[in-house]
Amino acid sequence: MNRLAHPSRGDLLAAGVAAAGALLIGVLAAKSPVYAALLLGALGVGIAIARYGLFAAAASAFALLPWLVIFEGKAPNQVGTLAAFGGAVVLLALVWPLEFKSRLLPIAAFFLFAVITAHFCFATDQEQYIQWAKEIVFIMIGLATTSVRGQELLPRFRKPVYGSCVAAMIVHGCIIAAGLGEVGTYYHAGERLGFTGEAPHPLALMTMIIACAGLCNRTNLGKVAGFGLGAVPAALTGVRSALIGLAVALFAFLFKSEVKMKAVLVLSLIAIVAFATGALNVVTERFASNANEFSSFSSAGSGRGLIWTVALNAWNAAGPVAWVFGTGLRSIPKFELAAMGKELIGHSDIVEVLVQFGVVGFAAWAAIWTGLLRSGSSPIILLPILTFGVVNGSLEYVGPLATGLVLAAAFGHSRNEEPEEVGRPPDS
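These numbers were taken from a predicted model, which means no experiment stands behind them. (Residues numbered from 1 in each chain as written. Predicted model: local features only at pLDDT ≥ 70, side-chain atom pairs only at ≥ 80, totals over all residues. Heavy atoms only, no water.)

Q: I would appreciate a short explanation of unusual backbone geometry in the present structure.
A: For residues besides glycine, phi is generally negative; the peptide bonds are generally trans as well. In this structure, the amide linkage connecting Trp96 to the following residue, Pro97, adopts the cis form with an omega of 0°. Here Pro97 lies in the loop between helix H4 (79–94) and helix H5 (104–120). In this structure, Arg330 is a non-glycine residue whose phi angle is positive, near 55°. For Arg330, the position within the fold is in the loop between helix H15 (320–325) and helix H16 (331–340). (Helix = DSSP H or I, 4+ residues; strand = E, 2+ residues; numbered from the N terminus.)

Q: Explanation requested: the environment of Ala75 in the structure shown.
A: By the secondary structure assignment, Ala75 is in the loop between helix H3 (54–70) and H4. Counting along the chain gives 121 residues from Ala75 to Thr196, while the straight-line C-alpha distance between them is 9.2 Å.

Q: So what exactly am I meant to see when it comes to a nonpolar patch on the surface here?
A: A cluster of nonpolar side chains, contributed by Val321, Trp323, Val324 and Phe325, occupies part of the molecular surface with about 370 Å² of accessible area. Assignment of secondary structure puts Trp323 in helix H15. Looking at Trp323, the relative accessible area reads 36%, which means it is partly exposed. (Patch = residues over 30% accessible without salt bridge, like charges linked within 9 Å, V, L, I, M, F, W, Y side chains within 5 Å. Areas by Shrake-Rupley, 256 points an atom, 1.4 Å probe, with all protein chains shown as cover. Salt bridge = Lys/Arg side-chain N within 4 Å of Asp/Glu carboxyl O. Buried < 20%, exposed > 50% of the residue type's maximum accessible area, 1.4 Å probe, protein only.)

Q: Would you mind showing me how to read the packing of helix H6 (residues 126–146) against helix H17 (residues 349–374) here?
A: Two quantities define a packed helix pair, namely the angle between the axes and the distance from one axis to the other. Orientation of H6 relative to H17, taken along the N-to-C sense of each, is 20°, at an axis distance of 10 Å. Here H6 is positioned roughly parallel relative to H17, judged by the angle of their axes. When the axes of H6 and H17 are compared, the crossing they make is left-handed. Every residue of H17 that contacts H6 at Gln131, Glu135, Phe138, Ile139, Gly142, Thr145 and Thr146 is listed here: Glu352, Gln356, Phe357, Trp365, Ile368, Trp369, Gly371 and Leu372. (Axes fitted to C-alpha atoms, helices over the stretch in contact; angles between N-to-C directions. Parallel < 35°, antiparallel > 145°, perpendicular 65-115°, else oblique. Left-handed = near helix turned anticlockwise from the far one by under 90°. Contact = heavy atoms within 4.5 Å.)

Q: Would you take a moment to explain helix H10 (residues 220–236) for this structure?
A: Residues spaced three or four apart along an α-helix face the same direction, because each turn holds 3.6 residues. Its 17 residues place the ends of H10 24 Å apart at the C-alpha level, agreeing with the 24 Å of an ideal helix rising 1.5 Å per residue. Maximum bend of H10: about 25°, positioned at Gly228. Judged by how many residues are buried, H10 sits mostly within the fold: 13 of 17 residues are covered. (Expected span 1.5 Å × (residues − 1). Bend = angle between axes of the 7 residues up to and from the residue.)

Q: Quick question: what am I supposed to make of the confidence of the model for the protein here?
A: Should pLDDT be low for a region, the predicted coordinates there are not to be read in detail. Scored by pLDDT, the protein comes out at a mean of 81, with 74% of its residues at no less than 70. Long-range and interchain partners of residues 416–428, a stretch whose pLDDT sits below 50, account for 31 contacts in this model, where long-range means more than four residues apart. (pLDDT = per-residue confidence, 0-100.)

Q: Explain the pattern of salt bridges to me, please; I cannot follow it from the model alone.
A: Pairing between side chains becomes possible if they bear opposite charge and their charged atoms approach one another. Taken as a whole and assessed by the stated rule, the structure comprises three salt bridges. One salt bridge in this structure joins Arg330 and Glu127, with 3.7 Å as the shortest N-O distance. Remark: Glu127 occurs in helix H6 and Arg330 occurs in the loop between H15 and H16; sequence separation between them is 203 residues. Classification of Glu127 as partly exposed rests on a relative accessible area of 39%. The residue Glu396 makes a salt bridge to Lys134 at a minimum N-O spacing of 2.9 Å. Separated by 262 residues along the polypeptide, Glu396 in the loop between helix H18 (379–391) and helix H19 (398–412) and Lys134 in helix H6 bring together distant segments of the chain. Note on accessibility: Glu396 and Lys134 belong to one class, buried.

Q: Even after reading the chapter, I still don't get the packing of aromatic side chains, so can you show me in this structure?
A: Remark: the centre distance and the inter-plane angle together describe each pair of aromatic rings, the angle taken between the planes. Scanning all chains against the criterion turns up ten aromatic pairs. A ring pair is formed by Phe62 and Phe157, whose centres lie 6.5 Å apart and whose planes are at 70°; its orientation type is edge-to-face. Note that Phe62 is positioned in helix H3 and Phe157 in the loop between helix H7 (148–153) and helix H8 (158–177), a separation of 95 residues in sequence. The buried category is assigned to Phe62, whose relative accessible area is 0%. Pairing Phe110 with Phe111 gives two aromatic rings, centres 5.5 Å apart and planes at 80°, and the pair type is edge-to-face. Take Phe110: its relative accessible area is 53%, and that puts it in the exposed class. Among the residues examined, Phe111 registers a relative accessible area of 43% and is labelled partly exposed. By the ring-pair criterion, three or more aromatic residues cluster together here, those being Phe85, Phe120, Tyr129 and Trp132. Cation over ring: Arg156 sits above Phe55, and NZ or CZ is 4.1 Å from the ring centre. (Phe/Tyr/Trp six-rings, centres within 6.5 Å; stacked < 30°, edge-to-face > 60°. Lys NZ or Arg CZ within 6 Å of the ring centre and 35° of its normal.)

Q: Honestly, H4 in this entry has me stumped. Any pointers?
A: Between its terminal C-alpha atoms H4 stretches 22 Å, which fits the 22 Å expected from 16 residues at 1.5 Å a residue. Turning to H4, its buried residues are Thr81, Ala83, Ala84, Gly87, Ala88, Leu91, Leu92 and Leu94. One face of H4 carries all of its buried residues, which in axial projection span an arc of 160°. Those residues of H4 that are buried are in contact with H3, H6, H7 and H19. (Arc of directions from axis to C-beta.)

Q: Would you mind showing me how to read the nonpolar core here?
A: Nonpolar side chains in soluble globular proteins tend to end up buried together. Ranked by internal contacts, the top residues of the largest apolar core, which has 88 residues, are Phe62, Phe157 and Ile381. Ignoring sequence-local partners within four residues, the contact set of Ile381 consists of Ile209, Cys212, Ala213, Cys216, Gly404, Leu407, Ala408 and Phe411. Counting seven residues, the second largest nonpolar core, distinct from the first, contains Ala311, Ala322, Ile332 and Val355. (Core = buried A, V, L, I, M, F, W, Y, C linked by side-chain atoms within 4.5 Å.)

Pasting the structure below:
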């Protein structure tokens, strides 16, 4: 019997849902292209989940994150946090039950989770709930990527997640090349931010991570192209913390390379790309406009010295209980508001964690990072993220952080597609 001539009820229902979905997307496209794109993406994710299960759900969530960063200014508030949280939950379910070769990370994750959740029980506003979710994403992905099953499954995320990152960078590159979006609106140094949000830091962290992942490509040409694809837009954000992270990645790459001369050649080509694209002009202007910032500790790092001092002094004055367990979720902005007249985050994961979650939380956070670095994930990606976190803060920018941790595990634990070192001869 011809199925086209005699469609079943299931066929008719599917056709009806497809027609209704198409109509709704069309209406939304006329009102808000961003919401239409989000709905279309949600439908695609739903189809992928129905076909491929939890893996498709997790991979889709992490593949979506770079797009949410480059279009952060056009997307609904906190959609990136929700996507990262959902992806982390599904990833944890995918690698369940959890088994570990070392007890360090799960024990540290337990203590950090306990401290953060204890503060969450006393939370009273939305900002505190959001920070709790961001911290939990870090814990969940840390557990998932270091588990035995996670190390086996994460290499499968390499192609969909990194491929999506590359595509997002190409689109973002076209946007800033065309002069669209925000230009020189934050630092007034000619930075090009495209359609990202008001602050350039999430974009800087995401582009830095994508550049570092590019150094894990198999071929020298792939390394240069992959690094340049992320490094140029990272430099164009004007965020100097990203440049420090890129420098750390290059040193790690050079240290791990077996043939140093070829590594130097790759680095030279990368420098030429950065110079040719004009990205160095933004960097030069940023440093020139803040030439005297290190004349005192308070003004150092665009005022970070003062921010850290205020936060640490408030923590010190809070008493022994706060020293051990912290002053609570989103307490630093309140300290900064009282002392400086405006709400500011800690601008360093060290300050954020130590002040808000105390010595116990800080020790657990440091132990988690120790476990991540010892887990076999790519240090070329992990070390720049940690560096960015120390000098600027990465826990706050949960979308890029989640993407980076997944890419580090995907490249680091790859078996069949393990990245070759520069100059390493192919297997015979």
